[in-house]
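Observations on chain architecture
Each chain, written out:
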Amino acid sequence: MDFSDLVHRRQNPLTGRWVLVSPHRTQRPWLGQIEPQAAPDLQVHDADCYLCPGNNRANGATNPNYEGPWAFQNDFPALLLGSNADTEAQDLFRAEVVSGECRVICFSPNHSLTLPQLSKEQVRSVIDCWAAQSSELGTQYTWVQLFENKGAAMGCSNPHPHGQLWASSHVPDEPAIEDERQRAYFAETGHSLLTEVAAQEAGGPRVVIETPDWLVIVPWWAVWPFETLLMPRFSVQRIEHLNAVQRDGLADVLRELTARYDNLFGCPFPYSMGWHGAPYLPGDHSHWVLHAHFYPPLLRSATVRKFMVGYEMLAEAQRDLTPEQAAERLRRVSPTHYSLRDAQ
Ligand code: H2U
Ligand code: ZN
């Protein structure tokens with residue numbers, strides 16, 4: 001069935017949620033200009049940045065002169081160490097005490113760069129840092145959420161390349177739903193849900209990047225205009241289980257995907273991205289497939305973003321551009337970041 005000119009809903013098998021797709025609203029011609037903007041004039045070291053090497057942070061601590069990725073305890077953590085999990089069950093007003101910790105991960109000492117501008121080796125070292133942090137905190141917590149907020153549109157005020165990690169004694173809502181749905185699919189079919197998705201999507205219209213080991217798609221159920229899902233094409237449950245070859249391949253894919261994003265509107269493309277791997281709970285996790293979600297808010301240009309308001313807050317998510325159209329646009333732009341093209 002061709003859904004490209006039918007109003008329809010699509011379901012996300014990872015969460016069970018639906019998205020309303022209204023393709024007829026995009027049939028007007030494309031008017032947006034795709035002009036690279038001048039790169040923001042950032043210095044390699046900014047004396048006022050709380051993440052640059054050697055600088056002081058808000059609480060007075062001094063950053064070391066780090067040379068590669070560097071993780072430190074967030075000075076304003078949302079989760080606190082040491083509280084004992086305790087559930088207060090009172091019918092409608094349930095609560096539970098949680099404990100955890102939050103860290104900030106600087107990707108590079110260079111204040112002026114973003115992921116697609118780092119070398120392959122530097123992105124590989126970010127992957128190694130993510131893996132080491134997950135594996136360390138996974139011995140103490142049931143969930144370790146690695147993520148990056150990029151750009152002011154996503155609430156990130158500091159351009160210094162960095163991400164965060166929140167580890168908690170509880171499995172939060174999104175991964176808990178994904179765990180439940182993947183477990184149910186595995187029990188029913190004997191296959192892991194995302195392995196099946198990857199197998200069926202390879203070579204198809206929603207593919208953005210395809211390598212022997214990795215697949216990036218605009219998922220069938222994407223809610224954000226240029227949302228993507230990054231998945232392995234082999235069986236792996238957690239980021240720390242990736243071997244050296246798989247990590248090198250992932251570094252290439254991360255650089256290419258973030259370069260394609262920036263090339264789309266000729267601007268540093270804002271997004272929230274993060275990793276989902278098997279929770280650190282006892283038992284079998286064969287139903288899990290490690291993956292990353294990229295949720296970028298931009299819709300039509302560097303300045304026109306999608307808002308999740310009105311119908312979406314009150315009814316369900318909605319999009320105009322189909323995931324197939326979004327994937328085509330991401331495939332059409334150069335895989336090399338606009339700031340690196342002249343240098344070649
Ligand atoms: P963003 O990824 O949203 O930019 O957040 C940066 C984090 O850095 C934020 O969680 C922390 C904030 O609490 N931070 C410090 O830990 N120390 C500082 O001196 C300033 C900001
Ligand atoms: Zn900085």
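Because the structure is a prediction, the values reported are computed rather than measured.

Looking at the zinc ion (ligand 2), one finds its protein donor set to be Cys49 (SG), Cys52 (SG), His111 (ND1) and His160 (ND1), positioned 2.0 to 2.3 Å from the metal centre. If you look at the zinc ion (ligand 2), its four donor atoms make angles of 103 to 116° with each other, and the shape they trace is tetrahedral. All donors to the zinc ion (ligand 2) come from one chain, and their sequence spacing reads C-x2-C-x58-H-x48-H. One end of the pair, Cys52, is in the loop between β2 (18–21) and β3 (70–73); the other, His111, is in the loop between β6 (100–106) and α1 (120–137), with 59 residues separating them in the sequence. The exposure class of Cys52 is buried, given its relative accessible area of 0%. Classification of His111 as buried rests on a relative accessible area of 2%.

Turning to the site of ligand 1, a few remarks are in order. The local shell around ligand 1 holds 13 residues, among which Ala58, Asn74, Asp75, His162 and Gln164 are the closest. The side chain of Asn74 places a nitrogen or oxygen atom 2.7 Å from an oxygen atom of ligand 1. Side-chain polar atom of Gln164 to an oxygen atom of ligand 1: 3.0 Å apart, as the coordinates give it. Classifying every residue of the shell around ligand 1 gives six nonpolar, five polar and two charged.

All right, on to the sheet that holds strand β12 (residues 271–276) then. Read from one edge of the open sheet, nine strands run β3-β6-β8-β7-β12-β13-β11-β10-β9, paired in antiparallel fashion. Looking at strand neighbours, the two that pair on one side only are β3 and β9 (207–210), the edges of this open sheet. Mean inter-strand twist for the sheet, computed between neighbouring axes without regard to direction, equals 20°. Here strand β10 (residues 214–217) pairs with strand β11 (residues 228–232) via four bridges, running antiparallel. Bridge pairing in β11 links Trp214 to Pro232. Running over the sheet, helix α3 (residues 193–201) touches β9, β10, β11 and β13 (291–295) and is turned about 105° from β11.

Here we come to the sheet that holds strand β1 (residues 8–11). The pairing of strands in a sheet comes from backbone hydrogen bonds and takes either a parallel or an antiparallel form. Strand order in the open sheet formed by three strands is β1-β2-β14, and the pairing between neighbours is mixed. In this open sheet, the two strands that pair with only one neighbour each are β1 and β14 (317–319). With direction set aside, neighbouring strand axes in the sheet form an average angle of 30°. Inspection of the sheet shows β2 paired to β14 by three bridges, in the parallel sense.

Attention now moves to the packing of aromatic side chains. All chains considered together, the criterion is met by 15 aromatic pairs. For the ring pair Tyr66 and Trp70, a centre distance of 4.9 Å and an interplane angle of 25° mean the geometry is stacked. Trp70 gets classed as buried once you look at its relative accessible area, which sits at 16%. Every member of this aromatic cluster is reached through a ring pair, and the members are Phe226, Tyr261, Phe265, Phe269, Tyr271 and Phe294. Sitting over the ring of Trp18, Arg9 keeps its end group 4.5 Å from the ring centre. Of note, Arg10 hangs over the ring of Trp220, and the distance from its end group to the ring centre comes to 3.9 Å.

What follows is about the pattern of salt bridges. All chains considered together, the criterion is met by 19 salt bridges. Put simply, Arg17 and Glu174 hold a salt bridge, and the shortest N to O gap is 2.9 Å. Here Glu174 lies in helix α2 (residues 173–189) and Arg17 lies in the loop between β1 and β2, a separation of 157 residues in the sequence. Across the pair Glu136 and Arg103 runs a salt bridge whose closest N-O atoms are separated by 3.0 Å. In this pair, Glu136 sits in helix α1 while Arg103 sits in strand β6, placing the two residues 33 residues apart along the sequence. On the basis of relative accessibility, which here comes to 35%, the residue Glu136 falls in the partly exposed class. Note on Arg103: relative accessible area 9%, which makes it buried. By sharing partners, the salt bridges in this structure join Arg10, Glu201, Arg206 and Glu324 into a single network.

It is worth spelling out empty space enclosed by the protein at this point. Tallied over the entire structure, the rule returns one cavity of 30 Å³ or more. Size it by volume and the largest cavity reaches roughly 100 Å³. Taken together, 13 residues make up the lining of the largest cavity; nearest its centre are Ser134, Val144, Ile239, Gly277 and Tyr280. Contributing elements (two or more residues each) for the lining of the largest cavity: β7 (143–150) and β12. In terms of residue count, β7 provides more of the lining of the largest cavity than any other element does, three residues in total.

This part covers the pairing of β2. Pairing between β1 and β2: four bridges, direction antiparallel. Opposite Arg10, over in β2, you have Val19 as the bridge partner. Hairpin connection from β1 to β2: six residues lie between these consecutive antiparallel strands, with Gly16 at a positive phi of about 85°.

With that out of the way, let us pick up a nonpolar patch on the surface. Taken together, Phe307, Val309, Met313 and Leu314 make up a surface patch of nonpolar side chains, about 510 Å² in accessible area. Tracing the backbone through its elements, the reader meets Leu314 in helix α5 (residues 311–314). Residue classification places Leu314 among the exposed positions, given a relative accessible area of 78%.

Procedures and definitions
Residues numbered from 1 in each chain as written. Chains lettered and ligands numbered in written order. Predicted model: local features only at pLDDT ≥ 70, side-chain atom pairs only at ≥ 80, totals over all residues. Heavy atoms only, no water. Donors = N, O, S within 2.8 Å, 3.2 Å for Na, K, Ca; no water. Tetrahedral: all angles 85-135°; square planar, octahedral: opposite > 155°, others 65-115°. Helix = DSSP H or I, 4+ residues; strand = E, 2+ residues; numbered from the N terminus. Buried < 20%, exposed > 50% of the residue type's maximum accessible area, 1.4 Å probe, protein only. Near = heavy atom within 4 Å. Polar contact = N/O pair within 3.5 Å; in protein donor to acceptor, adjacent residues only side chain to side chain. Nonpolar A, V, L, I, M, F, W, Y, C, P; charged D, E, K, R; others polar. Pairing = 2+ DSSP bridges. Axes fitted to C-alpha atoms, helices over the stretch in contact; angles between N-to-C directions. Contact = heavy atoms within 4.5 Å. Phe/Tyr/Trp six-rings, centres within 6.5 Å; stacked < 30°, edge-to-face > 60°. Lys NZ or Arg CZ within 6 Å of the ring centre and 35° of its normal. Salt bridge = Lys/Arg side-chain N within 4 Å of Asp/Glu carboxyl O. 1 Å grid on protein atoms, 1.4 Å probe; cavity = no way out; pocket = protein on both sides within 12 Å on 5 of 7 lines; lining within 4 Å. Points joined across faces, edges and corners; volume = space filled by probe spheres on them. Patch = residues over 30% accessible without salt bridge, like charges linked within 9 Å, V, L, I, M, F, W, Y side chains within 5 Å. Areas by Shrake-Rupley, 256 points an atom, 1.4 Å probe, with all protein chains shown as cover.

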